[in-house]
Number of protein chains: 2
Amino acid sequence: MEGGEAVILPVEQLLPDRAPLATLWVRLAAGLEDAVTSGALPPGARLENEIALSERLGVSRPTVRRAIQELVDKGLLVRRRGIGTQVVHGSVARQIELTSLFDDLASAGKVPGTRVLELAKVPATPLVATQLGVAPEAEVLRIRRLRLADDVPLAVLQNYLPPALADLDEQELADAGLYGGLRSRGVVLRVARQRIGARKATNEEARLLDLTRGAPVLTMDRTAYDADGAAVEYGHHCYRPDLYSFEMTLVDR
Amino acid sequence: MEGGEAVILPVEQLLPDRAPLATLWVRLAAGLEDAVTSGALPPGARLENEIALSERLGVSRPTVRRAIQELVDKGLLVRRRGIGTQVVHGSVARQIELTSLFDDLASAGKVPGTRVLELAKVPATPLVATQLGVAPEAEVLRIRRLRLADDVPLAVLQNYLPPALADLDEQELADAGLYGGLRSRGVVLRVARQRIGARKATNEEARLLDLTRGAPVLTMDRTAYDADGAAVEYGHHCYRPDLYSFEMTLVDR
DNA sequence: TAGTGGTCTAGACCACCTG
DNA sequence: AGGTGGTCTAGACCACTAC
């Protein structure tokens, strides 16, 4: 392959002042990411070596390494001992945008929408009680929403909040969304476990999502925990598989 | 919550000699992970602070931090400034094992099996050519396998290899598996993009997986790249959703 | 005020790759 | 042999949390 000469970019491009409150390595990572996505560092281009870069930027080598590692984790850069650091070749960097169904819906002209179907306190089922770590039959808040994109139904979202957070009202939900409402209550999410699967749509889901009875749906179950390890939210979501899929980049370390 | 006194574990437990070739931080991370999963560090337990730990172990603080970070990323530990580092509370650490359908199949008494359905050179379809970055109609190797667990059909795996790797034979595939065969050819995987979705089973898939016609299947598409950014493999896999799901832990940074 | 993790520095030595 | 990233050290200062 061959990267040829290393590409030298100006310091002010690599360390943008955009977010002066961010840490050094975050700023550097942002500068590098922009350089890659803008094409200033085209696919296959070689970066300066870490030591030269750290001297030119006036930061230490571990700081440079941390920024580069961030982009390696995102799949934009590749590092090889004895070789150097390169922008990932060819299609990968571009493909991320092309095939991004997820982002398509959030941006790209699609108008996201939400319809609240239910917001009620109900006794916890055994599954919900287990997931939230509360007593069986404890009063939890059940939220059911229909998510739309361009007025096309995309997903049925069913969430449960533990008793301590069960006072969320519809106004807050509409204004800030579920996670926004939690955040304004001082809840800080730290860890989540999720599982992605598939099954037949229930009759109600088929009706809401405009599918035929028994059509496949993509499901995602998630339990989120705050800094204390207390369960904050359990959700069972169900997506129209022709309009939604989960994408991710895996990086070898 | 409250973590109380920090739990002090012996140095030899935290830095096991098991893998003396591994790096320091990997060994420490392994020692800590064992302490958590074995219960020596029960849920909610507080670790020694980083400086005390580094002095007692005779390693530097960044090394301790890197090991701890690894476990934070795995969702086993939680760090908070001014507070300390704790084992994730309650159900999380345990739940990871309980709900691990993925690991259940690889271990836990299940006997994994594979049946090669096809191993043939075929002209690349437009999709495959795009994914592998080869010319349309180029000769690629198509591999179709049925994956079994305890003789129950679990998934249909369909993989494509580019012309340069199309000489993989059935013996190698049986002995080392697909990724093993690639590795023995000197291929090092670095990055992969994957997408998880759902759809109806084709009639053939339904027959192979012992499903009714049109039943839902869980699908995973993956394109893997080597260090040069060249596509090494494209796969379209399709799983029985009642026997398989994808699990992951998300960590806030 | 005391203690914690979060960030950053300035260097050292090593393992690996290319010529 | 020379250059690259990979690992590790020994320290500094800061921001946040508890008391």
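- Per an unreviewed UniProt entry, chain A carries the name GntR family transcriptional regulator IolR and comes from Amnibacterium soli.

### What about the protein's contact with DNA strand C?
(1) Moving on: Leu24, Ser60 and Thr63 of chain A together with Asn49 and Arg61 of chain B are the nearest of the 23 residues found near DNA strand C.
(2) Moving on: When the atoms of DNA strand C within 4 Å of the protein are grouped by moiety, sugar and phosphate amount to 68% of the total.
(3) Moving on: Take Gly82 of chain B: an N or O atom from its main chain is 3.0 Å from a base oxygen of DNA strand C.
(4) Moving on: Secondary structure elements with two or more residues in the surface near DNA strand C: α2 (24-38) and α4 (61-74) of chain A together with α4 (61-73), β3 (77-80) and β4 (84-87) of chain B.
(5) Moving on: Its residues assigned to classes, the surface near DNA strand C comprises five nonpolar, nine polar and nine charged.

### Quick word on the sheet that holds strand β7 (residues 152-161) of chain A
(1) Moving on: An order of β5(A)-β6(A)-β7(A)-β10(A)-β9(A)-β8(A)-β11(B) is seen for the seven strands of this open sheet, with the pairing classed as antiparallel. On the outer flanks of this sheet lie β5 (112-123) of chain A together with β11 (246-251) of chain B, each paired with one strand and no other. Within this sheet the neighbouring strands show an average axis-to-axis angle of 15 degrees, counted without direction.

### Quick look at the sheet that holds strand β8 (residues 189-200) of chain B
(1) Moving on: In space, the seven strands of this open sheet follow the order β11(A)-β8(B)-β9(B)-β10(B)-β7(B)-β6(B)-β5(B), with antiparallel pairing throughout. Every interior strand has two partners, whereas the edge strands, β11 (246-251) of chain A together with β5 (112-123) of chain B, have only one. With direction set aside, neighbouring strand axes in the sheet form an average angle of 15 degrees.
(2) Moving on: Summarising the sheet, strand β7 (residues 152-161) of chain B and strand β10 (residues 231-239) of chain B pair through six bridges and their orientation is antiparallel. Bridge assignment links Ala155 of chain B to a residue of β10 of chain B, and that residue is Tyr239 of chain B.

### Quick word on the protein's contact with DNA strand D
(1) Moving on: Surrounding DNA strand D, one finds 24 residues, the nearest of these being Asn49 and Arg61 of chain A together with Leu24, Ser60 and Thr63 of chain B.
(2) Moving on: Near the protein, within 4 Å, the atoms of DNA strand D are sugar or phosphate in 67% of cases.
(3) Moving on: Broken down by secondary-structure element, the contributors of at least two residues to the surface near DNA strand D are α4, β3 (77-80) and β4 (84-87) of chain A together with α2 (24-38) and α4 of chain B.
(4) Moving on: Residue contributions to the surface near DNA strand D peak at four residues, all from α4 of chain B.
(5) Moving on: Tallied by class, residues from the surface near DNA strand D come to six nonpolar, nine polar and nine charged.

### So, the confidence of the model for chain A
Residue and element names in this part refer to chain A.
(1) Moving on: This prediction gives chain A a mean pLDDT of 83; 90% of its residues lie at or above 70.
(2) Moving on: When the elements of chain A are averaged for pLDDT, helix α5 (residues 91-98) gives the smallest value, 41, and helix α9 (residues 203-209) the largest, 95.
(3) Moving on: Every residue in residues 91-102 scores below 50 in pLDDT, and together they form 23 contacts with partners more than four places removed in sequence or on other chains.

### Some remarks on the side chain of Thr63 of chain B
Residue and element names in this part refer to chain B.
(1) Moving on: Within the fold, Thr63 resides in helix α4.
(2) Moving on: Thr63 sits in the buried class, given a relative accessible area of 18%.
(3) Moving on: Within the structure, the side chain of Thr63 is placed 3.1 Å from the side chain of Ser60, a separation counted as a polar contact.

### A few points about the nonpolar core
(1) Moving on: Judged by nonpolar contacts, the single largest core of 24 residues is most densely connected at Ile196 and Phe246 of chain A together with Ile196 and Phe246 of chain B.
(2) Moving on: Those residues in contact with Ile196 of chain B that lie beyond four places of it in its chain are Ile196, Leu218, Ser245, Phe246 and Met248 of chain A together with Leu218, Thr219, Met220 and Phe246 of chain B.

### A few points about the pattern of salt bridges
(1) Moving on: Summed over the entire model, instances satisfying the criterion amount to 30 salt bridges over all chains.
(2) Moving on: In this structure, Arg142 of chain A engages Glu118 of chain A in a salt bridge whose closest nitrogen and oxygen atoms are separated by 3.0 Å. With a gap of 24 residues between them, Arg142 of chain A in strand β6 (residues 139-149) and Glu118 of chain A in strand β5 connect regions that are remote in the sequence.
(3) Moving on: Arg142 of chain A gets classed as partly exposed once you look at its relative accessible area, which sits at 24%.
(4) Moving on: One salt bridge in this structure joins Glu33 of chain B and Lys74 of chain B, with 2.8 Å as the shortest N-O distance. Of this pair, Glu33 of chain B sits in helix α2 while Lys74 of chain B is found in the loop between α4 and β3, placing the two residues 41 residues apart along the sequence.
(5) Moving on: It is possible to trace a salt-bridge network through shared partners that takes in Glu50, Arg61, Arg65 and Arg79 of chain A.

### Some details on the packing of aromatic side chains
(1) Moving on: Under the criterion given, the structure shown has eight aromatic pairs over all chains.
(2) Moving on: On the basis of an interplanar angle of 90 degrees and a centroid distance of 5.4 Å, the ring pair of Tyr239 of chain B and Phe246 of chain B is categorised as edge-to-face.
(3) Moving on: Since its relative accessible area comes to 10%, Phe246 of chain B is described here as buried.
(4) Moving on: Ring pairing ties together the aromatic residues Tyr239, Tyr244 and Phe246 of chain A, which thus form one cluster.

### Here we look at the environment of Leu168 of chain B
Residues and elements named next belong to chain B.
(1) Moving on: Looking at the secondary structure, you find Leu168 in the loop between β7 and α8 (170-184).
(2) Moving on: Residues Leu168 and Ile143 lie 25 residues apart in sequence; the distance between their C-alpha atoms is 9.8 Å.
(3) Moving on: Those residues in contact with Leu168 that lie beyond four places of it in its chain are Leu119, Leu141, Ile143, Leu161, Leu173, Leu178, Gly181 and Arg185.

### A closer look at the packing of helix α3 (residues 50-57) of chain A against α4 of chain A
Residues and elements named next belong to chain A.
(1) Moving on: Axis separation between α3 and α4 bottoms out at 9 Å; the angle between their running directions is 110 degrees. Compared by their axis directions, α3 and α4 come out roughly perpendicular. For the crossing formed where α3 meets α4, the hand is right-handed. In contact with Glu50, Ile51, Leu53 and Ser54 of α3, α4 contributes Arg61, Val64, Arg65 and Ile68.
(2) Moving on: Looking at the contact of α3 with α4, its residues break down into four nonpolar, one polar and three charged.

The rules we used
- Residues numbered from 1 in each chain as written.
- Chains lettered and ligands numbered in written order.
- Predicted model: local features only at pLDDT ≥ 70, side-chain atom pairs only at ≥ 80, totals over all residues.
- Heavy atoms only, no water.
- Near = heavy atom within 4 Å.
- Polar contact = N/O pair within 3.5 Å; in protein donor to acceptor, adjacent residues only side chain to side chain.
- Helix = DSSP H or I, 4+ residues; strand = E, 2+ residues; numbered from the N terminus.
- Nonpolar A, V, L, I, M, F, W, Y, C, P; charged D, E, K, R; others polar.
- Pairing = 2+ DSSP bridges.
- Axes fitted to C-alpha atoms, helices over the stretch in contact; angles between N-to-C directions.
- pLDDT = per-residue confidence, 0-100.
- Contact = heavy atoms within 4.5 Å.
- Buried < 20%, exposed > 50% of the residue type's maximum accessible area, 1.4 Å probe, protein only.
- Core = buried A, V, L, I, M, F, W, Y, C linked by side-chain atoms within 4.5 Å.
- Salt bridge = Lys/Arg side-chain N within 4 Å of Asp/Glu carboxyl O.
- Phe/Tyr/Trp six-rings, centres within 6.5 Å; stacked < 30°, edge-to-face > 60°.
- Parallel < 35°, antiparallel > 145°, perpendicular 65-115°, else oblique.
- Left-handed = near helix turned anticlockwise from the far one by under 90°.

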